[in-house]
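Read off the chains here:
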Protein chains: 2
Amino acid sequence: MQIVQQQVCFGGRQIRYQHHSNVLKCDMQFSVFLPPQAEFGSVPAVYWLSGLTCSDENFSSKAGAQRVAAELGLALIIPDTSPRGEGVADDEDGAYDLGLGAGFYVNATQAPWNKHYQMYDYVLSELPALVEAQLPLSSKRAISGHSMGGHGALVLALRNPERFVSVSAFAPISNPSDCPWGEKALGAYLGADREMWSHYDASLLLLSKGCSLPMLVDQGEADNFLAEQLKPQVLVHAAKAGHADLTLRMQPGYDHSYYFIASFIEDHLRFHAEHLS
Amino acid sequence: MQIVQQQVCFGGRQIRYQHHSNVLKCDMQFSVFLPPQAEFGSVPAVYWLSGLTCSDENFSSKAGAQRVAAELGLALIIPDTSPRGEGVADDEDGAYDLGLGAGFYVNATQAPWNKHYQMYDYVLSELPALVEAQLPLSSKRAISGHSMGGHGALVLALRNPERFVSVSAFAPISNPSDCPWGEKALGAYLGADREMWSHYDASLLLLSKGCSLPMLVDQGEADNFLAEQLKPQVLVHAAKAGHADLTLRMQPGYDHSYYFIASFIEDHLRFHAEHLS
């Protein structure tokens, strides 16, 4: 992996890397924040999965997470949201919610998506193996994300509780099998058989498998996507049925933007730090 | 003035306004952060002047200033960096350092710039009068900025110490009469007579007028523009000659980006709050 850009930030280092992904079969960029403590030893990592249309740069530049990560000694690992580059399939109409910038953190099984869109394996295995081999990271991991990335974080943690100590999300797509964004993306990437979708639906996974990890979810009450796309109440219902440790906080007045994320990222990082330490 | 966009952030309100500027003779947008305290009474304001190529959105989304402003009860007033719109002159070659996004906070005297480029009067008078009439602001003001905006903040404060209680800057263009950015812009906007430039040169103003206000300047040591464009040592020399209260902090490893601003904006807001309270 090669450094594309590097900047000092809150006494730590904000670094953008490029590498060739064998899983995604393309060159990828991702960002990392290494806190000052990483100069002296290994630190745990919080993975951040971004939402539709984002790259690794949105969270890096807009969330203000580095301040708290520097204080707590947490690395931040921030992947891109889809495979990239010439030859990578995109939606024919250039829709923002399918194809580039919209990988939904699944392993696609349907052509033309299945050639590159293997974001589940990339985020779960290839990227952690890469950064843990080359950066001063312990193997302690937590995971969080926003919207499509909140969906991704919940799904990755629910299916692999041994890989993470805690999971959180901002305005996650909680039940993608039953909302327009999810039905479109899962249908395209996984095909018409909804049984396949259930492996990528946090609410269905919670119902079927339960969850041993602590979960924190923040949701803005003024979020335009709340009722139609996000449906946190379905997640809460599934958590109650499975006696899972989910805290959902409804935040009055907040919308779907990074101003919402910036306002509460400190709480999420402190929540993860408690479980990572 | 009309609200273009409004978002809750750290319990306060981040608002983007549009209005017609009589001074600039065009429609302008600017951003305001109102802290939670503004719901119950008037609050003091910190004006933020952005650098080359920026609009009001860069500082709003990338600096993480709202957290501290909400804690301290400070409003943030964030103007654009030049007049905007069809009919507003721009550099013929589309250079980033002249014309749109590069108003340098001067009152231009030379055609074609003099028709719209009156950013000094806009930021000093028209904008404060507008927001103080329509928003819960006291008339206590501090001012800060970055690069071209650090130059603007220093010049506005040095020439109008009765209007501000304190001034700060990140990597300001300290001596624009003697650097490529400044010579190009001041030459275009003000003409060849360098005597006219001296009214917009913080170092020359400090030498000739001194300064009664407390001044805080942060400068990254890894800033690519440090030696050729920014020259904080000239400002320090002028401050010493005039016995002015300037603190310059050289920050090892930091560059010219918003990662640098985000890392130290808390110190600047606390500095201003001390003088605004």
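Residues numbered from 1 in each chain as written. Chains lettered and ligands numbered in written order. Predicted model: local features only at pLDDT ≥ 70, side-chain atom pairs only at ≥ 80, totals over all residues. Heavy atoms only, no water.

### Quick word on the interface of chain A and chain B
The extent of an interface is frequently quoted as the accessible surface area lost upon association of the parts. Going by this rule: Throughout, a contact is declared for two residues whenever any of their heavy atoms are within 4.5 Å. Put simply, buried area is how much 1.4 Å-probe accessible surface two parts lose in total, over both of them, once they are put together. By convention in these notes, a salt bridge is any Lys or Arg side-chain nitrogen within 4 Å of a carboxyl oxygen on Asp or Glu. Within 3.5 Å is the distance limit for a polar contact, defined as a pair of N or O atoms, with the added protein rule that one can donate a hydrogen and the other accept it, and that residues adjacent in sequence qualify only through two side-chain atoms. The helix and strand labels rest on DSSP assignments: H or I over at least four residues marks a helix, E over at least two residues marks a strand, and numbering proceeds from the N terminus. Polar here means any residue other than Ala, Val, Leu, Ile, Met, Phe, Trp, Tyr, Cys and Pro, which are nonpolar, and Asp, Glu, Lys and Arg, which are charged; Gly is therefore polar.
Each partner contributes to the interface: chain A provides 19 residues, whereas chain B provides 19 residues. Approximately 1700 Å² of surface area, both sides summed, lies buried where chain A meets chain B, with 56% of it carried by carbon and sulfur atoms. The largest per-residue losses of area from chain A upon contact with chain B belong to Gln 7, Val 8 and Tyr 259 of chain A, which jointly make up 37% of the total buried on that side. Remark: the boundary between chain A and chain B carries 0 salt bridges. Joining chain A to chain B, the criterion identifies 11 residue pairs in polar contact (both at pLDDT 80 or more). Among the elements of the structure, strand E1 (2-9), helix H1 (56-62), helix H2 (65-72) and helix H10 (258-276) of chain A are those that each provide at least two residues to the side of chain A that touches chain B. Top element by residues in the side of chain A that touches chain B is H10 of chain A. It accounts for 4 residues. Here the residues of the side of chain A that touches chain B are counted per class, giving 6 nonpolar, 9 polar and 4 charged.

### Description of the pairing of strand E8 (residues 215-220) of chain A
Residues and elements named next belong to chain A. The cut-off we apply is this: Per-residue accessibility, obtained with a 1.4 Å probe over protein chains only, is compared with the maximum for each type, and a residue is labelled buried under 20%, exposed over 50%, and partly exposed between these values. At least two bridges found by DSSP between two strands is the condition for calling them paired.
For E8, the tally of buried residues reaches 6 of 6 residues, placing the bulk of the element in the interior. By the alternation rule, side chains of E8 split into Met 215, Val 217 and Gln 219 and Leu 216, Asp 218 and Gly 220, which are all buried. Where strand E7 (residues 167-170) lies against E8, 4 bridges are found, and the strand directions are parallel. When the bridges of E8 are listed, Val 167 appears paired with Met 215. Of the pairings in the sheet, the one linking E8 to strand E9 (residues 246-251) comprises 6 bridges and is parallel in character. Among the inter-strand pairings, Leu 216 is bridged to a residue of E9, identified as Thr 247.

### Some remarks on the confidence of the model for chain A
Here is the rule: Per-residue confidence from the predictor is reported as pLDDT, which spans 0 to 100.
Here chain A averages 97 in pLDDT, while 100% of its residues score no lower than 70. Across the interfaces of the predicted complex, the ipTM metric reaches 0.94, alongside a pTM of 0.96.

### Notes on the pairing of strand E4 (residues 43-49) of chain B
All names here are of chain B. For E4, the buried fraction is high: 7 of the 7 residues fall into the buried class. In this sheet, strand E6 (residues 137-145) lies alongside E4 in parallel orientation, the contact comprising 6 bridges. Counterpart to Tyr 47 in the pairing with E6 is Ile 143. Examined bridge by bridge, E4 and strand E5 (residues 75-79) share 3 bridges and lie parallel to one another. Within E5, the position partnered with Ala 45 by the bridge is Ala 75.

### Digging into the packing of helix H4 (residues 148-159) of chain B against helix H7 (residues 202-209) of chain B
Residue and element names in this part refer to chain B. Just so we agree on the cut-off: Inter-axis angles, ranging from 0 to 180 degrees, are taken between N-to-C directions of lines fitted to C-alpha atoms, where helices are fitted over the stretch in contact. Note on terminology: angles under 35 degrees are roughly parallel, angles over 145 are roughly antiparallel, angles of 65 to 115 are roughly perpendicular, and the others are oblique. For any pair of crossing helices, the crossing counts as left-handed if the nearer helix is rotated counterclockwise from the farther one by less than a right angle, and right-handed if it is rotated clockwise.
Between H4 and H7, the least distance of the axes is 9 Å, while the angle of their chain directions is 20 degrees. The orientation of H4 with respect to H7, classified from their angle, is roughly parallel. Seen from above, H4 lies across H7 with left-handed handedness. Contact residues: Leu 154, Val 155, Leu 158 and Arg 159 in H4; Ala 202, Leu 205, Leu 206 and Lys 209 in H7. Taken together, the residues of the contact of H4 with H7 sort by class into 6 nonpolar, no polar and 2 charged.

### What to know about the side chain of Asp 218 of chain B
Residues and elements named next belong to chain B. Relative to the helices and strands, Asp 218 is located in strand E8 (residues 215-220). The class for Asp 218 is buried, based on a relative accessible area of 0%. For Asp 218, the side chain forms a polar contact with the side chain of His 268, separated by 2.7 Å.

### Quick notes on the packing of helix H7 (residues 202-209) of chain A against helix H9 (residues 232-241) of chain A
Two quantities define a packed helix pair, namely the angle between the helix axes and the distance between the axes. All names here are of chain A. One way to put it is that H7 packs onto H9 with a least axis distance of 8 Å and a crossing angle of 10 degrees. Between H7 and H9, the interaxial angle falls into the category roughly parallel. Residue-level inspection shows Ala 202, Ser 203, Leu 206 and Leu 207 of H7 in contact with H9, the latter providing Val 234, Leu 235, Ala 238, Ala 239 and Ala 241.

### Describing the relation of the copies chain A and chain B
This is how it is decided: The superposition of copies rests on a least-squares fit of C-alpha positions from residues with pLDDT of 70 or more in both.
Once chain A is rotated about the relating axis by 180 degrees and shifted along it by 0.0 Å, it coincides with chain B to within an RMSD of 0.0 Å. Expressed as an axis order, the relation between the two copies is that of a two-fold axis. Distance from the rotation axis, computed per C-alpha, reaches its smallest value in chain A at Lys 62 of chain A: 2.4 Å. Same-surface contact between copies: 100% of interface residues of chain A are shared with the interface of chain B.

### A closer look at the packing of aromatic side chains
Just so we agree on the cut-off: Aromatic contacts are taken between Phe, Tyr and Trp rings whose centres are within 6.5 Å, Trp giving its six-membered ring; a plane angle under 30 degrees counts as stacked, one over 60 as edge-to-face, and the others as tilted. Comment: the charge-over-ring label is applied if NZ (Lys) or CZ (Arg) is within 6 Å of the ring centre and within 35 degrees of the ring normal.
One pass over the full model with this rule turns up 26 aromatic pairs over all chains. The interplanar angle of 50 degrees and the centroid separation of 6.1 Å between the aromatic rings of Tyr 254 of chain A and Phe 260 of chain A together place this pair among those described as tilted. Given a relative accessible area of 6%, Tyr 254 of chain A falls into the buried group. Relative to Phe 264 of chain B, the ring of Phe 260 of chain B has its centre 6.0 Å away and its plane inclined at 65 degrees; by these criteria the two rings are edge-to-face. With Phe 260 of chain B and Phe 264 of chain B both in helix H10 (residues 258-276) and 4 residues apart, this pair spans about one turn of that helix. One aromatic cluster is present, formed by Trp 48, Phe 59, Phe 170, Tyr 254, Phe 260 and Phe 264 of chain A through successive ring pairs. Across from the ring centre of Tyr 200 of chain A, 4.9 Å away, lies the NZ or CZ of Arg 159 of chain A, which sits over that ring.

### Here's the deal with the state of the cysteines
As a reminder of what qualifies: What counts as a disulfide here is a pair of cysteine sulfur atoms lying within 2.5 Å.
A full pass over the atoms with the stated rule returns 0 disulfides over all chains. Unpaired in terms of disulfides, Cys 9 of chain B finds its nearest cysteine sulfur in Cys 54 of chain A, a separation of 16 Å. Relative accessible area serves as the criterion here: at 0%, Cys 9 of chain B is assigned to the buried category. As a non-bridged cysteine, Cys 26 of chain B has Cys 54 of chain B as the owner of its nearest cysteine sulfur, 18 Å distant.

### A few points about the environment of Ala 169 of chain A
Residue and element names in this part refer to chain A. Of note, Ala 169 is situated in strand E7. For Ala 169, a relative accessible area of 0% corresponds to the buried category. A sequence separation of 22 residues divides Ala 169 from Ser 147, and the C-alpha atoms of the two residues are 7.7 Å apart. Once residues lying within four places of it in the same chain are set aside, the contact partners of Ala 169 are Ser 144, Gly 145, Gly 150, Leu 154, Leu 216, Val 217, Asp 218 and His 268.

### Description of the pattern of salt bridges
Residue and element names in this part refer to chain B. Within this structure, the stated rule accounts for 26 salt bridges over all chains. Close ionic contact of Glu 57 with Arg 16 constitutes a salt bridge, the shortest N to O distance being 3.4 Å. Taken together, the residues Glu 57 in helix H1 (residues 56-62) and Arg 16 in strand E2 (residues 12-21) connect sequence positions 41 residues apart. Judged by its relative accessible area of 38%, Glu 57 is partly exposed.

### A look at the side chain of Lys 231 of chain B
Residue and element names in this part refer to chain B. Locating Lys 231 in the fold gives a position in the loop between helix H8 (226-230) and helix H9 (232-241). Within the structure, Lys 231 has its side chain in polar contact with the backbone oxygen of Asp 178 (distance 2.6 Å). The contact partners of Lys 231, leaving out residues within four places of it in the chain, are Ser 174, Asp 178 and Leu 226.

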